[in-house]
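Listed below, chain by chain, are the residues.
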Protein chains: 2
Amino acid sequence: MTKALSFSAFVMNTASHILHGLWRDEEGHQIDFNDVNLWVDLAKKLDKGGFDVLFFADVVGLYADHKGGWEYHAENGLQIPSNDPMVLISALAVNTKNLGFAITAAPLQEPPFNFARRISTLDHITKGRIAWNIVTSGQDNAYRNFGYEKMVAHDDRYAWADEYVDVLYKLWEGSWDEGALLKDRESGVYADPSKVHKIHHESKRYKVEGPHLVSPSPQRTPVLFQAGSSTAGRDFASRNAEAVFIIAPDPESARKVIHDTRQLAVEKGRNPDDIKFFQGLSFVVGETEEEAQRKDAELDSKIDLDMMVAHISNSFGKDLGYLPLDTPLEEVQTESVRSIAEWVRQSTPGRTPTVADLARFQSKITRISGTPEKIADELTKWSEAGVDGINVINATIPGTYEEFIELVLPELRKRGLARELSDTPGTLRDRLFGESRLNDRHAATKYRGAFSSVKA
Amino acid sequence: MTKALSFSAFVMNTASHILHGLWRDEEGHQIDFNDVNLWVDLAKKLDKGGFDVLFFADVVGLYADHKGGWEYHAENGLQIPSNDPMVLISALAVNTKNLGFAITAAPLQEPPFNFARRISTLDHITKGRIAWNIVTSGQDNAYRNFGYEKMVAHDDRYAWADEYVDVLYKLWEGSWDEGALLKDRESGVYADPSKVHKIHHESKRYKVEGPHLVSPSPQRTPVLFQAGSSTAGRDFASRNAEAVFIIAPDPESARKVIHDTRQLAVEKGRNPDDIKFFQGLSFVVGETEEEAQRKDAELDSKIDLDMMVAHISNSFGKDLGYLPLDTPLEEVQTESVRSIAEWVRQSTPGRTPTVADLARFQSKITRISGTPEKIADELTKWSEAGVDGINVINATIPGTYEEFIELVLPELRKRGLARELSDTPGTLRDRLFGESRLNDRHAATKYRGAFSSVKA
């Protein structure tokens, strides 16, 4: 049986997010990302068009040096300037009905008490449509913007995140019991004080007394997204995530990641489908196969390969900017490059892959180009591999999403791969899981009722 | 010559802010403060009605114990629950044209790099209509929500705030030169990297590398509000504030505070009118004097004196909750109570003032009740004392502001005490000072161009 997928628009509050160079294209409006109307218009279109989530990626520092410095990033608009996503959401919420909003934030950025309050406030404002994409910042500069010398070691970052979410769970799930809020004009009682609790949290990094200042919001805990694929990341996801964002190179690889992570979740007492998997894909749509291929080549010609290199250098642990684009890839001897080299080689049959090919590979890695029918065929494979949703990477805003809504979604609906449009408001968790609150297999819910006896 | 005043609506994202107990009244809608529509509707009314600012107070912790605990606060909705104001603003911004938005935040809450980015993002979203009310949290519980044992000593809080704003000023004024942002599709250059700078800040509490991630917003630095009246507070204001919120008991007292603070500012190289003073006042309006007096008495009857006591206990440094309301005030021997006792005594001619009288005095301290004509007469006195704006305290939302807009502002316009309605959008600073950027006498502006030579 075909399963309907969820759809998320993967964006960032900056000029150039993933497919770099496109901000220079007349069709793209992201050059004006400072203007709130760009985002309001996009959110309205997604909401009306049947998308489930508008997902904002974010980083709070520069990517690693390119050609020995960071001037390149500023010059090319490579995720700098970039604006905060969190304060943008309420403008989008009041202009939409059903669309969920995922914001990205790291423990580095804000003390948990403040973050918990802001998310709860947003959950009230959106009427339960907020999600949080939990990240641990991966840029040295980000750490240096927050008082550290350099990036905290990888596994320590996850230990930190574990500690951070623990505080949040106590505030979101444990500080206010169900039924605490009375708002009773007659008796004059706003809240039942026997149902509001301090949390008295103490751990290595955090000491938080409470109580949470915000009364229970529709979802209490926001829908929890996560994207780590490392061992520590997957362990964290299996314990905490309700939705995992993956970029698998093909459906079979996705199947394996999904299976492994679900297995870990089951070991922790959760059900396999307590976690939804969103695969990142980009699309080029044509009414005919020829048109699609022409547009695909056109897109390739607009992508700035040098910017692609600058972006991936950060995760490849080496400043590739010094290398000419035609440098044979085999000369780049970092572990990360070696780990992907075979994939790149397969994309250049009959010749030795270069740094340019690596960049091109990155720009095409999960791209599906074709007619709506072909795209539906491909998405069937992803769905059958166990993927629950698609995180749609854009070339241009709003163009990519307009095309997807107008041309692709109708075909997907025909095949049961996308849900029928609905005008019924509800929370994001309800949309994804059929209930507004975390199920009681989730780690956060152990704090429900846990603070009842605390009086001080 | 009469000077037109500015008008600010003084609110808080909670059920009960200043005039406590009114949430129980059918006319008040603040009981539903979780609903974003309450605030959207209010913002639209203020914007259309000619208000200049919607000012959100905030605290991030419980007030001091009342009757030995904090249950009272939860039970009566005394600023708990309360929601974050910052994430609410963009919803209001996209529904208004001219209205400015002041949000309250303390250095305790968020690292400066993150805060600077969020404010800059909001300044872009609002098209230059954001203000920041700089506070140093005054509740022990707030500190315990952020890892401290108890409140930091008063003067240390201002030293901390000084350090905090110093980082912000570098990010807002110094990290991006004018003309750095090019957004040039033709040449492919998004920003001129020679005009974007790291700030390499290092001080006692903060180490921040930069660069600021947000390109210069319409105002760069938000309009800076402050409210401290202590020596350290006034010193801080004279250096940093562009608008000071005061609650003087009468125009003559206001005149003195204004004079003294302006004097301090002049000593620091600023002009006297580089700081605007907003006096907090509440209003009861009647078409006749009799109607006004009837409504005034009605308001008194709805105010919960015990809640007033619970609120002020925090600043009086003693849990007054244990004392019956009819306790003679002279039995309360704290310094803060003694400092205000004479004022209270004057409000109860012929009898000994009690704790209830103290609370009543607080609830009436800056209330003007009368016809629009009488209110205009009184505001003339405040204007002549040097006050630049009125921070209008509400009894009910939106009732208080609807009345003020419909009944009072027209009379004030007749007399030149309020500006004519204008539909011309502009920044908040432009509205208050006639220019969008900080003038070069402000401490922040020494960082303009200060980082030009830094390359690393």
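Analysis parameters
Residue positions are counted from 1 within each chain, in the order its sequence is given. The order in which chains are written sets their letters, starting at A; the order in which ligands are written sets their numbers, starting at 1. Per-residue local features are limited, in this predicted model, to residues with pLDDT of at least 70; the limit for side-chain atom pairs, both in listing and counting, is 80 or more; totals at the level of whole chains, interfaces and linings are taken over all residues. Calculation of side-chain values draws on the structure's entire complement of heavy atoms; hydrogens and water are dropped beforehand. UniProt positions are given in the numbering used here, feature names are shortened, and annotations may be inferred rather than shown by experiment. Put simply, DSSP marks the helices as runs of H or I at least four residues long and the strands as runs of E at least two long, and each gets a number from the N terminus on. Each residue's exposure class comes from its accessible area (1.4 Å probe, protein chains only) as a fraction of the maximum for that residue type: buried when under 20%, exposed when over 50%, partly exposed otherwise. Contacts are assigned to residue pairs with any non-hydrogen atoms lying within 4.5 Å of each other. Side-chain atoms alone can form a polar contact between residues adjacent in sequence; in general such a contact is a pair of N or O atoms within 3.5 Å, and within protein one must be able to donate a hydrogen while the other accepts it. Least-squares superposition aligns the copies on the C-alpha atoms of those residues with pLDDT at or above 70 in both. Fitted lines through C-alpha atoms give the axes, limited to the stretch in contact for helices. The angle between two N-to-C directions lies from 0 to 180 degrees. An angle below 35 degrees is treated as roughly parallel, one above 145 as roughly antiparallel, one from 65 to 115 as roughly perpendicular, and anything else as oblique. Should the near helix be turned anticlockwise from the far one by less than a right angle, the crossing is termed left-handed; should it be turned clockwise, right-handed. Any residue outside Ala, Val, Leu, Ile, Met, Phe, Trp, Tyr, Cys, Pro, Asp, Glu, Lys and Arg is labelled polar, Gly included; the first ten of those are nonpolar and the last four are charged. Two parts lose some accessible area (1.4 Å probe) when they are put together, and adding that loss for both gives the buried area. We define a salt bridge as a contact between a side-chain nitrogen of Lys or Arg and a carboxyl oxygen of Asp or Glu at a distance within 4 Å. Boundary definitions for the domains trace back to an automatic or database domain assignment. For two strands to pair, DSSP has to find at least two bridges joining them. Handedness of a crossover is defined as follows: orient the strands so they point away from the viewer, and if the path from the first strand over the helix to the second runs clockwise, the crossover is right-handed. With a 1 Å grid laid over protein atoms only, a set of points is called a cavity when a 1.4 Å probe fits there but cannot get out and a pocket when it is open yet has protein on both sides within 12 Å along at least five of seven lines; lining residues have an atom within 4 Å of a point. Grid points are joined across faces, edges and corners, and a volume is the space filled by probe spheres set on the points.

Thoughts on the UniProt feature "binding site: FMN" (unreviewed entry) in chain A
Next, step 1: When the UniProt feature table is mapped to this numbering, "binding site: FMN" (unreviewed entry) covers Asp58, Thr104, His154, Tyr158, Ser229 and Ser230 of chain A.
Next, step 2: Relative to the assigned elements, Asp58 of chain A resides in the loop between β2 (53–57) and α2 (71–76).
Next, step 3: Overall, Asp58 of chain A belongs to the buried group, its relative accessible area being 10%.
Next, step 4: For Asp58 of chain A, the contacting residues outside a window of four places in its chain are Met12, Ser82, Asn83, Pro85, Thr104 and Gln109 of chain A together with Arg117 of chain B.
Next, step 5: Within the local environment of Asp58 of chain A, its side chain forms a polar contact with the side chain of Arg117 of chain B, the two groups lying 2.7 Å apart.
Next, step 6: Residue position: Ser229 of chain A is located in the loop between β9 (223–226) and α7 (231–240).

Topic: the relation of the copies chain A and chain B
Next, step 1: When chain A is fitted to chain B, the residual RMSD is 0.0 Å, and the transformation amounts to a turn of 180° plus an axial shift of 0.0 Å. The relationship between the two copies is best expressed as a two-fold rotation axis. The position closest to the rotation axis in chain A is occupied by the C-alpha of Ala91 of chain A, lying 1.9 Å away.
Next, step 2: In this assembly, 100% of the residues forming the interface of chain A have copies in chain B that are likewise at the interface, indicating an isologous arrangement.

Some remarks on the packing of helix α13 (residues 372–384) of chain B against helix α14 (residues 399–414) of chain B
All names here are of chain B.
Next, step 1: At a minimum axis separation of 9 Å, α13 and α14 run at an interaxial angle of 55°. Taken as axis vectors, α13 and α14 run oblique relative to one another. At the point where α13 passes α14, the crossing takes the right-handed sense. Between α13 and α14, the residues in contact are Pro372, Glu373, Ile375, Ala376 and Leu379 and Leu407, Val408, Glu411 and Leu412, respectively.
Next, step 2: Tallied by class, residues from the contact of α13 with α14 come to seven nonpolar, no polar and two charged.

Re the packing of helix α1 (residues 36–49) of chain B against α14 of chain B
All names here are of chain B.
Next, step 1: Interhelical geometry of α1 versus α14 gives an angle of 10° and a closest axis separation of 10 Å. For the element pair α1 / α14, the angle class is roughly parallel. Contacts from Leu42, Lys45, Leu46 and Gly49 in α1 reach Tyr401, Glu402, Ile405, Leu409 and Arg413 in α14.
Next, step 2: Considering only residue class, the contact of α1 with α14 consists of five nonpolar, one polar and three charged.

Description of the environment of Thr354 of chain B
Residues and elements named next belong to chain B.
Next, step 1: Within the element layout of this structure, Thr354 appears in the loop between α11 (335–346) and α12 (355–364).
Next, step 2: Residue contacts for Thr354: discarding those within four places in its chain leaves Leu325, Asp326, Thr327, Pro328 and Leu329.
Next, step 3: Of the polar contacts made by the side chain of Thr354, one reaches the backbone nitrogen of Ala356; its length is 3.2 Å.

Observations concerning the interface of chain A and chain B
Next, step 1: Counting residues at the interface gives 82 residues for chain A and 82 residues for chain B.
Next, step 2: Between chain A and chain B lies a buried interface of about 7,100 Å² when both sides are counted; carbon and sulfur atoms form 54% of it.
Next, step 3: At the boundary of chain A with chain B, the tally comes to 16 salt bridges.
Next, step 4: At the level of elements, α1 (36–49), α2, α3 (89–93), α4 (112–125), α5 (140–144), β5 (181–184), β6 (189–191) and β8 (207–208) of chain A are the ones that each hand at least two residues to the side of chain A that touches chain B.
Next, step 5: The element contributing the most residues to the side of chain A that touches chain B is α4 of chain A, with eight residues.
Next, step 6: Grouping the amino acids of the side of chain A that touches chain B by side-chain chemistry returns 37 nonpolar, 23 polar and 22 charged.

Notes on the UniProt feature "domain: Luciferase-like" (unreviewed entry) in chain A
Next, step 1: Those residues carrying the UniProt feature "domain: Luciferase-like" (unreviewed entry) are residues 35–388 of chain A in this numbering.
Next, step 2: Between the end C-alpha atoms of residues 35–388 of chain A there is a gap of 32 Å, over a span that is 43% helix and 14% strand.

A few points about the domain arrangement of chain A
Residue and element names in this part refer to chain A.
Next, step 1: Split into domains, chain A comes out as domain 1 (6–287 + 371–447) and domain 2 (305–366).
Next, step 2: Taken together, the contact between domain 1 and domain 2 spans 31 residues of the former and 15 residues of the latter.
Next, step 3: Both faces considered, domain 1 and domain 2 share a buried interface measuring about 1,800 Å² in area, 59% of it formed by carbon and sulfur atoms.
Next, step 4: It is His20, His66 and Lys67 in domain 1 that bury the most area against domain 2; as a group they hold 28% of the surface buried on that side.
Next, step 5: Where domain 1 touches domain 2, the interface holds one salt bridge.
Next, step 6: Linking Asp306 and Lys67 is a salt bridge whose minimum nitrogen-to-oxygen distance equals 3.4 Å.
Next, step 7: Put simply, domain 1 and domain 2 have 10 residue pairs in polar contact (both at pLDDT 80 or more) between them.
Next, step 8: Of all elements in the fold, only α2 and β11 (276–285) reach the threshold of two or more residues within the side of domain 1 that touches domain 2.
Next, step 9: Ranked by residues supplied to the side of domain 1 that touches domain 2, first place goes to β11 with four residues.
Next, step 10: Looking at the side of domain 1 that touches domain 2, its residues break down into 11 nonpolar, 16 polar and four charged.

Quick look at the pairing of strand β1 (residues 6–12) of chain B
Residue and element names in this part refer to chain B.
Next, step 1: Judged by how many residues are buried, β1 sits mostly within the fold: seven of seven residues are covered.
Next, step 2: Side chains Ser6, Ser8, Phe10 and Met12 project from β1 onto one buried face, and the interleaved Phe7, Ala9 and Val11 project onto a second face that is buried too.
Next, step 3: As defined by bridge partners, β1 adjoins strand β2 (residues 53–57) across five bridges and the pair is classed as parallel. From the neighbouring strand, Phe10 faces β2, where its bridge partner is Phe55.
Next, step 4: Between the parallel elements β1 and β2, the chain passes through α1 in a crossover that is right-handed.

Quick look at empty space enclosed by the protein
All names here are of chain A.
Next, step 1: A complete count under the given rule lists eight cavities of 30 Å³ or more for this structure.
Next, step 2: Its volume calculated, the largest cavity comes out at about 90 Å³.
Next, step 3: Residue lining of the largest cavity: 13 residues in total, with Ala15, Leu19, Gln30, Asn394 and Ala395 positioned closest to the centre.
Next, step 4: Considered class by class, the residues forming the lining of the largest cavity number seven nonpolar, six polar and no charged.

As for the side chain of Asp274 of chain B
All names here are of chain B.
Next, step 1: You can see Asp274 is positioned in the loop between α8 (251–267) and β11 (276–285).
Next, step 2: On the basis of relative accessibility, which here comes to 4%, the residue Asp274 falls in the buried class.
Next, step 3: Separated by 3.2 Å, the side chains of Asp274 and Asn439 make a polar contact.
Next, step 4: Once residues lying within four places of it in the same chain are set aside, the contact partners of Asp274 are Ala241, Glu242, Phe433, Asn439 and Arg441.

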